[in-house]
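Spelled out from the first residue to the last, the chains are:
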Amino acid sequence: MAEDRPLNREEMLSILEWYRAAGVDIAVGEEPVDRFAQRPPPRVTPPPAPQAEPPAERAAPMLALGGDPGEARALASQAQTLDELQAILGAYDGCGLKLRATQLVFADGNPEAQIMLIGEAPGAEEDRQGKPFVGKSGQLLNRMLAAIGLDRSKVYIANTVPWRPPGNRAPTPEEIALCLPFLQRQVELVAPRIVVTLGGPAMQTVFQTTAGIIKMRGKWSPVSIGAHGVEAMPTLHPAYLLRNPPAKQQAWRDLLSLKMKMVELGLV
Ligand code: URA
(Lines give C-alpha, C1' and ligand atoms only; values in the text may rest on other atoms or scores of the structure.)
Protein backbone atom coordinates (compact mmCIF):
# COMPACT_ATOMS: atom_id res chain seq x y z
CA MET A 1 0.00 0.00 0.00
CA ALA A 2 1.23 3.57 -0.74
CA GLU A 3 2.52 5.47 2.29
CA ASP A 4 0.31 8.30 3.45
CA ARG A 5 2.72 11.26 3.39
CA PRO A 6 2.72 14.60 1.54
CA LEU A 7 4.10 14.42 -2.01
CA ASN A 8 7.55 15.89 -2.59
CA ARG A 9 8.30 18.43 -5.36
CA GLU A 10 9.33 15.81 -7.99
CA GLU A 11 6.24 13.73 -7.28
CA MET A 12 4.00 16.80 -7.57
CA LEU A 13 5.64 17.81 -10.85
CA SER A 14 5.25 14.34 -12.27
CA ILE A 15 1.57 14.17 -11.32
CA LEU A 16 1.04 17.63 -12.87
CA GLU A 17 2.77 16.37 -16.05
CA TRP A 18 0.51 13.33 -16.02
CA TYR A 19 -2.56 15.58 -15.75
CA ARG A 20 -1.25 17.83 -18.55
CA ALA A 21 -0.70 14.83 -20.86
CA ALA A 22 -4.23 13.65 -20.08
CA GLY A 23 -5.58 17.02 -21.20
CA VAL A 24 -6.21 18.62 -17.81
CA ASP A 25 -4.97 22.11 -18.50
CA ILE A 26 -7.26 24.46 -16.59
CA ALA A 27 -8.11 24.76 -12.91
CA VAL A 28 -11.83 25.04 -12.27
CA GLY A 29 -11.65 25.85 -8.56
CA GLU A 30 -9.33 27.08 -5.85
CA GLU A 31 -9.65 23.98 -3.65
CA PRO A 32 -9.21 20.37 -4.82
CA VAL A 33 -12.34 18.23 -4.59
CA ASP A 34 -12.01 14.50 -3.98
CA ARG A 35 -14.78 13.24 -6.26
CA PHE A 36 -14.03 9.63 -5.27
CA ALA A 37 -14.96 10.50 -1.70
CA GLN A 38 -18.29 11.96 -2.79
CA ARG A 39 -20.89 9.22 -2.50
CA PRO A 40 -24.25 9.44 -4.23
CA PRO A 41 -27.02 10.05 -1.66
CA PRO A 42 -28.75 6.84 -0.52
CA ARG A 43 -31.72 5.94 -2.65
CA VAL A 44 -35.03 6.41 -0.95
CA THR A 45 -38.01 4.72 -2.53
CA PRO A 46 -40.86 7.23 -2.42
CA PRO A 47 -44.21 5.96 -1.16
CA PRO A 48 -46.60 5.22 -4.06
CA ALA A 49 -48.52 8.34 -5.10
CA PRO A 50 -52.30 8.23 -4.82
CA GLN A 51 -53.66 7.23 -8.28
CA ALA A 52 -56.51 9.76 -8.49
CA GLU A 53 -55.13 11.42 -11.65
CA PRO A 54 -52.79 10.04 -14.36
CA PRO A 55 -49.17 11.12 -13.70
CA ALA A 56 -48.17 14.33 -15.43
CA GLU A 57 -45.87 13.82 -18.45
CA ARG A 58 -42.24 14.38 -17.57
CA ALA A 59 -40.01 16.53 -19.73
CA ALA A 60 -37.36 14.43 -21.55
CA PRO A 61 -33.95 14.77 -19.85
CA MET A 62 -31.70 17.19 -21.69
CA LEU A 63 -28.61 15.68 -23.29
CA ALA A 64 -25.49 17.64 -22.50
CA LEU A 65 -24.15 17.45 -26.06
CA GLY A 66 -22.84 21.01 -26.25
CA GLY A 67 -23.51 22.78 -29.53
CA ASP A 68 -26.01 22.26 -32.29
CA PRO A 69 -24.77 21.61 -35.84
CA GLY A 70 -27.92 23.37 -37.16
CA GLU A 71 -26.88 26.56 -35.37
CA ALA A 72 -23.33 26.16 -36.70
CA ARG A 73 -24.69 25.79 -40.25
CA ALA A 74 -26.89 28.88 -39.91
CA LEU A 75 -23.97 30.94 -38.57
CA ALA A 76 -21.47 29.71 -41.16
CA SER A 77 -23.85 30.45 -44.03
CA GLN A 78 -24.00 34.13 -42.98
CA ALA A 79 -20.33 34.65 -43.87
CA GLN A 80 -19.77 36.28 -47.24
CA THR A 81 -16.00 36.57 -46.88
CA LEU A 82 -13.25 34.63 -45.11
CA ASP A 83 -12.76 37.53 -42.70
CA GLU A 84 -16.45 37.37 -41.77
CA LEU A 85 -16.22 33.63 -41.34
CA GLN A 86 -13.18 33.99 -39.08
CA ALA A 87 -15.01 36.59 -36.97
CA ILE A 88 -18.14 34.41 -36.72
CA LEU A 89 -16.08 31.38 -35.76
CA GLY A 90 -14.13 33.45 -33.24
CA ALA A 91 -17.39 34.43 -31.54
CA TYR A 92 -18.90 30.93 -31.71
CA ASP A 93 -19.16 29.20 -28.33
CA GLY A 94 -20.93 26.00 -29.40
CA CYS A 95 -17.86 23.78 -29.54
CA GLY A 96 -16.27 22.91 -26.19
CA LEU A 97 -12.79 22.74 -27.74
CA LYS A 98 -12.69 26.54 -27.74
CA LEU A 99 -12.79 26.63 -23.94
CA ARG A 100 -9.49 24.82 -23.55
CA ALA A 101 -7.61 26.30 -26.52
CA THR A 102 -5.44 29.41 -26.41
CA GLN A 103 -6.87 30.81 -29.62
CA LEU A 104 -8.60 30.10 -32.90
CA VAL A 105 -6.38 28.53 -35.57
CA PHE A 106 -8.25 29.59 -38.69
CA ALA A 107 -5.97 29.19 -41.70
CA ASP A 108 -2.65 29.91 -43.32
CA GLY A 109 -1.52 30.40 -46.87
CA ASN A 110 -3.12 32.12 -49.82
CA PRO A 111 -6.92 32.51 -49.82
CA GLU A 112 -6.77 32.83 -53.64
CA ALA A 113 -4.94 29.50 -54.00
CA GLN A 114 -6.33 26.75 -56.22
CA ILE A 115 -5.05 24.07 -53.86
CA MET A 116 -6.40 23.66 -50.34
CA LEU A 117 -4.89 21.34 -47.73
CA ILE A 118 -7.02 20.12 -44.83
CA GLY A 119 -5.40 18.68 -41.71
CA GLU A 120 -6.89 17.27 -38.55
CA ALA A 121 -6.51 19.68 -35.65
CA PRO A 122 -4.03 22.23 -34.35
CA GLY A 123 -1.30 20.99 -32.02
CA ALA A 124 0.53 22.83 -29.23
CA GLU A 125 2.64 25.06 -31.48
CA GLU A 126 -0.32 25.93 -33.73
CA ASP A 127 -2.32 26.79 -30.60
CA ARG A 128 0.49 29.14 -29.50
CA GLN A 129 0.94 30.83 -32.87
CA GLY A 130 -2.66 30.75 -34.14
CA LYS A 131 -1.66 29.20 -37.49
CA PRO A 132 -2.02 25.66 -38.81
CA PHE A 133 0.98 23.44 -39.41
CA VAL A 134 3.72 25.54 -37.85
CA GLY A 135 5.16 22.82 -35.58
CA LYS A 136 7.32 19.81 -36.51
CA SER A 137 4.74 18.32 -38.90
CA GLY A 138 4.31 21.75 -40.47
CA GLN A 139 8.03 21.93 -41.16
CA LEU A 140 7.87 18.55 -42.87
CA LEU A 141 4.80 19.71 -44.79
CA ASN A 142 6.78 22.71 -46.04
CA ARG A 143 9.51 20.39 -47.31
CA MET A 144 6.95 18.12 -48.98
CA LEU A 145 5.37 21.09 -50.74
CA ALA A 146 8.76 22.45 -51.80
CA ALA A 147 9.56 19.08 -53.41
CA ILE A 148 6.87 19.75 -56.01
CA GLY A 149 7.47 23.48 -56.34
CA LEU A 150 4.80 24.64 -53.88
CA ASP A 151 4.92 26.81 -50.81
CA ARG A 152 2.42 28.60 -48.58
CA SER A 153 1.90 31.35 -51.12
CA LYS A 154 0.45 28.73 -53.48
CA VAL A 155 -1.75 26.75 -51.10
CA TYR A 156 -4.39 27.49 -48.47
CA ILE A 157 -4.32 25.41 -45.26
CA ALA A 158 -7.04 24.70 -42.69
CA ASN A 159 -8.04 21.93 -40.29
CA THR A 160 -11.20 19.93 -39.64
CA VAL A 161 -11.40 21.64 -36.23
CA PRO A 162 -9.91 25.10 -35.61
CA TRP A 163 -9.11 24.69 -31.91
CA ARG A 164 -6.49 22.44 -30.34
CA PRO A 165 -8.04 19.42 -28.61
CA PRO A 166 -6.67 19.25 -25.04
CA GLY A 167 -3.62 17.06 -24.63
CA ASN A 168 -3.47 16.66 -28.45
CA ARG A 169 -6.18 14.02 -28.39
CA ALA A 170 -8.11 13.38 -31.61
CA PRO A 171 -11.21 15.54 -32.04
CA THR A 172 -14.41 13.60 -31.32
CA PRO A 173 -17.01 12.97 -34.06
CA GLU A 174 -19.30 15.48 -32.26
CA GLU A 175 -16.62 18.18 -32.29
CA ILE A 176 -15.89 17.52 -35.96
CA ALA A 177 -19.62 17.64 -36.79
CA LEU A 178 -19.99 21.00 -35.02
CA CYS A 179 -17.04 22.52 -36.87
CA LEU A 180 -17.85 20.98 -40.26
CA PRO A 181 -20.29 23.72 -41.41
CA PHE A 182 -17.52 26.28 -40.87
CA LEU A 183 -14.99 24.19 -42.80
CA GLN A 184 -17.50 23.71 -45.61
CA ARG A 185 -18.12 27.46 -45.81
CA GLN A 186 -14.37 28.06 -45.75
CA VAL A 187 -13.97 25.75 -48.76
CA GLU A 188 -16.87 27.49 -50.54
CA LEU A 189 -15.29 30.90 -49.97
CA VAL A 190 -11.78 29.84 -51.03
CA ALA A 191 -13.24 27.83 -53.93
CA PRO A 192 -10.08 25.80 -54.69
CA ARG A 193 -9.90 23.43 -57.68
CA ILE A 194 -8.04 20.80 -55.63
CA VAL A 195 -8.34 19.62 -52.02
CA VAL A 196 -5.74 17.36 -50.41
CA THR A 197 -6.62 15.92 -47.02
CA LEU A 198 -3.83 15.06 -44.59
CA GLY A 199 -4.35 11.94 -42.48
CA GLY A 200 -7.29 9.69 -41.68
CA PRO A 201 -9.66 11.99 -39.74
CA ALA A 202 -9.50 14.77 -42.36
CA MET A 203 -10.07 12.19 -45.11
CA GLN A 204 -13.04 10.66 -43.29
CA THR A 205 -14.56 14.10 -42.74
CA VAL A 206 -14.16 15.35 -46.31
CA PHE A 207 -14.94 12.08 -48.10
CA GLN A 208 -17.64 11.11 -45.57
CA THR A 209 -16.21 7.62 -45.30
CA THR A 210 -15.15 5.26 -42.55
CA ALA A 211 -12.47 3.68 -44.77
CA GLY A 212 -8.85 3.72 -43.65
CA ILE A 213 -6.25 6.15 -44.94
CA ILE A 214 -3.84 3.42 -46.10
CA LYS A 215 -6.48 2.06 -48.49
CA MET A 216 -7.72 5.46 -49.70
CA ARG A 217 -4.51 7.51 -50.00
CA GLY A 218 -3.46 8.61 -53.43
CA LYS A 219 -6.91 8.10 -54.98
CA TRP A 220 -8.61 11.07 -56.62
CA SER A 221 -12.34 11.58 -56.60
CA PRO A 222 -14.70 14.45 -57.21
CA VAL A 223 -16.32 15.53 -53.94
CA SER A 224 -18.73 18.25 -52.89
CA ILE A 225 -17.68 20.19 -49.83
CA GLY A 226 -20.64 22.34 -48.88
CA ALA A 227 -21.82 23.63 -52.26
CA HIS A 228 -18.38 23.53 -53.82
CA GLY A 229 -17.19 20.70 -56.08
CA VAL A 230 -13.47 19.82 -56.15
CA GLU A 231 -11.07 17.11 -57.16
CA ALA A 232 -9.82 15.66 -53.88
CA MET A 233 -7.12 13.23 -52.80
CA PRO A 234 -6.23 11.95 -49.34
CA THR A 235 -2.61 11.56 -48.39
CA LEU A 236 -0.69 10.62 -45.26
CA HIS A 237 -0.38 13.07 -42.39
CA PRO A 238 3.12 14.57 -41.93
CA ALA A 239 3.00 13.60 -38.23
CA TYR A 240 2.55 9.97 -39.34
CA LEU A 241 5.50 10.33 -41.71
CA LEU A 242 7.64 11.63 -38.85
CA ARG A 243 6.78 8.49 -36.88
CA ASN A 244 7.05 6.16 -39.88
CA PRO A 245 9.75 7.47 -42.22
CA PRO A 246 9.45 4.53 -44.69
CA ALA A 247 5.89 5.74 -45.48
CA LYS A 248 7.44 8.84 -47.09
CA GLN A 249 7.74 6.73 -50.26
CA GLN A 250 3.96 6.56 -50.51
CA ALA A 251 3.61 10.24 -49.65
CA TRP A 252 6.06 11.05 -52.43
CA ARG A 253 3.90 9.15 -54.92
CA ASP A 254 0.89 11.18 -53.75
CA LEU A 255 2.82 14.42 -54.17
CA LEU A 256 3.76 13.45 -57.73
CA SER A 257 0.12 12.64 -58.36
CA LEU A 258 -0.82 16.10 -57.04
CA LYS A 259 1.68 17.68 -59.40
CA MET A 260 0.20 15.71 -62.32
CA LYS A 261 -3.32 16.81 -61.34
CA MET A 262 -2.14 20.42 -61.31
CA VAL A 263 -0.78 19.97 -64.83
CA GLU A 264 -3.99 18.26 -65.95
CA LEU A 265 -6.10 21.17 -64.61
CA GLY A 266 -3.79 23.76 -66.16
CA LEU A 267 -2.68 25.11 -62.78
CA VAL A 268 1.06 25.13 -63.63
N1 URA B 1 -1.58 18.61 -37.36
C2 URA B 1 -2.71 18.98 -38.00
O3 URA B 1 -3.49 18.14 -38.43
N4 URA B 1 -2.94 20.28 -38.13
C5 URA B 1 -2.12 21.22 -37.70
O6 URA B 1 -2.42 22.38 -37.88
C7 URA B 1 -0.95 20.80 -37.05
C8 URA B 1 -0.69 19.50 -36.88
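Data block above holds the structure.
### Digging into the overall build of the protein
Of the regular secondary structure elements, the protein holds 11 helices and six strands. Across the 268 residues of the protein, 39% fall into the buried class. A fraction of 73% describes how many contacts in the protein between residues 6 or more apart in sequence connect residues 24 or more apart.

### A closer look at the sheet that holds strand 1 (residues 108-109)
Taken in spatial order, the six strands of this open sheet run 1-3-2-4-6-5, and their pairing is mixed. Two strands in the sheet have a free side with no partner beyond their single neighbour: strand 1 and strand 5 (221-225). The pairing of strand 1 with strand 3 (residues 155-159) spans two bridges and is antiparallel. The partner of Gly109 across the bridge, within strand 3, is Tyr156.

### Section: the pattern of salt bridges
Inspection of the entire model under this criterion finds eight salt bridges. For the salt bridge of Arg217 with Asp254, the shortest nitrogen-to-oxygen distance reads 2.8 Å. With Arg217 in the loop between helix 9 (213-216) and strand 5 and Asp254 in helix 11 (residues 248-264), the pair connects residues that are 37 residues apart, well separated along the chain. With a relative accessible area of 15%, Arg217 lands in the buried category.

### Notes on empty space enclosed by the protein
According to the stated counting rule, one finds two cavities of 30 Å³ or more in the structure shown. If you add up the space inside the largest cavity, you get close to 80 Å³. Around the largest cavity, the lining residues are Leu117, Leu141, Met144, Leu145, Val196, Leu198, Met233, Thr235, Ala251, Asp254, Leu255 and Leu258. For the lining of the largest cavity, the secondary-structure elements that each account for two or more residues are helix 6 (136-147), strand 4 (194-198), strand 6 (228-235) and helix 11. Examining the composition of the lining of the largest cavity, we find that four residues originate from one element, helix 11, more than from any other.

### So, the side chain of Arg164
Note on placement: Arg164 falls in the loop between strand 3 and helix 7 (173-190). Buried charge without a salt bridge: Arg164, with Asp127 as the nearest opposite-charge side chain at an N-O distance of 4.6 Å. Engagement of the side chain of Arg164 in a polar contact is seen with the side chain of Asn168, the distance being 2.9 Å. Beyond its immediate chain neighbours, meaning those up to four positions away, Arg164 contacts Leu97, Ala101, Pro122, Gly123, Ala124 and Asp127.

### Focus: the packing of aromatic side chains
By the definition in use, this model includes one aromatic pair. With centroids separated by 4.9 Å and ring planes inclined at 50 degrees, the aromatic side chains of Tyr92 and Phe182 adopt a geometry described as tilted. With Tyr92 in the loop between helix 3 (82-91) and helix 4 (97-100) and Phe182 in helix 7, this pair connects stretches of sequence that are 90 residues apart. Positioned above the aromatic ring of Trp220 is the side chain of Lys261, whose terminal nitrogen or guanidinium carbon lies 5.1 Å from the ring centre.

### Notes on the site of the ligand
Taken together, Gly119, Glu120, Ala121, Pro122, Glu126, Pro132, Phe133, Ser137, Asn159 and His237 make up the full set of residues near the ligand. Expressed as a share of its isolated accessible area of 240 Å², the protein-covered part of the ligand is 93%.

### Quick notes on the environment of Asp254
Owing to a relative accessible area of 2%, Asp254 belongs among the buried residues under this scheme. Separated by 36 residues in the primary sequence, Asp254 and Gly218 have C-alpha atoms spaced 5.1 Å apart. Residues contacting Asp254, with those up to four places away along its chain left out, are Arg217, Gly218, Met233, Pro234, Thr235 and Leu236.

### Remarks on the environment of Met116
Along the chain, Met116 turns up in strand 2 (residues 115-119). The sequence separation of Met116 and Ala191 amounts to 75 residues, and the corresponding C-alpha distance is 8.8 Å. Leave out the neighbours within four places in its chain, and Met116 touches Tyr156, Ala158, Leu183, Val187, Val190, Pro192, Ile194, Val195 and Val196.

### Thoughts on the packing of helix 3 against helix 7
Where helix 3 meets helix 7, the closest approach of the two axes is 10 Å, and the angle between their N-to-C directions is 165 degrees. Between helix 3 and helix 7, the interaxial angle falls into the category roughly antiparallel. Of the two elements, helix 3 crosses helix 7, and the hand of that crossing is left-handed. Of helix 7, the residues touching helix 3 (which contributes Leu82, Leu85, Ile88 and Leu89) are Phe182, Arg185, Gln186, Leu189 and Val190.

Conventions adopted
- Residue indices follow the written sequence of each chain, beginning from 1 at its first position.
- In keeping with the model being predicted, local features are shown solely for residues with a pLDDT of at least 70 and side-chain atom pairs are shown and tallied solely at 80 or more, while totals for entire chains, interfaces and linings include all residues.
- Each side-chain value is worked out from all heavy atoms of the structure, with water and hydrogens disregarded.
- Per the convention used, a helix needs a DSSP run of H or I reaching at least four residues, while a strand needs a run of E reaching at least two, with both numbered from the N terminus.
- Buried, partly exposed and exposed residues are distinguished by accessible area as a fraction of the type maximum, computed with a 1.4 Å probe on protein chains only: under 20%, between the cut-offs, and over 50%, respectively.
- Working rule for contacts: check all heavy atoms of both residues, and any pair within 4.5 Å makes them a contact.
- One requirement defines pairing of two strands: DSSP has to find at least two bridges between them.
- Note on definitions: salt bridges are taken to be side-chain nitrogens of Lys or Arg within 4 Å of carboxyl oxygens of Asp or Glu.
- A pocket here means an open set of points on a 1 Å grid, computed over the protein atoms alone, that has protein on both sides within 12 Å along at least five of seven lines. A cavity is instead a set of points where a 1.4 Å probe fits but cannot get out; residues with an atom within 4 Å of a point line either one.
- Grid points are joined across faces, edges and corners, and a volume is the space filled by probe spheres set on the points.
- The charge count includes Lys and Arg as positive and Asp and Glu as negative, but it does not include His or the ends of the chains.
- Under the rule applied, a polar contact is a pair of N or O atoms within 3.5 Å (in protein, one hydrogen donor and one hydrogen acceptor; residues adjacent in sequence only if both atoms are side-chain atoms).
- Two rings belonging to Phe, Tyr or Trp (six-membered ring only in the last case) form a pair when the distance between their centres is within 6.5 Å. Interplanar angles under 30 degrees mark stacking, angles over 60 mark edge-to-face geometry, and anything in between is tilted.
- Any Lys NZ or Arg CZ that is within 6 Å of a ring centre and within 35 degrees of that ring's normal is treated as a charge sitting over the ring.
- A single heavy atom is enough: if one lies within 4 Å of a molecule or strand, its residue is considered near that molecule or strand.
- Surface accessibility in these figures is a Shrake-Rupley result with a 1.4 Å probe; residues are shielded only by whichever protein chains are displayed.
- Axis definition: a line fitted to C-alpha atoms, limited for helices to the stretch in contact. Angles are taken between N-to-C directions and run from 0 to 180 degrees.
- Here roughly perpendicular refers to angles of 65 to 115 degrees, roughly parallel to angles under 35, roughly antiparallel to angles over 145, and oblique to all remaining angles.
- It is the rotation of the near helix from the far one that decides the hand of a crossing: anticlockwise by less than a right angle makes it left-handed, clockwise makes it right-handed.

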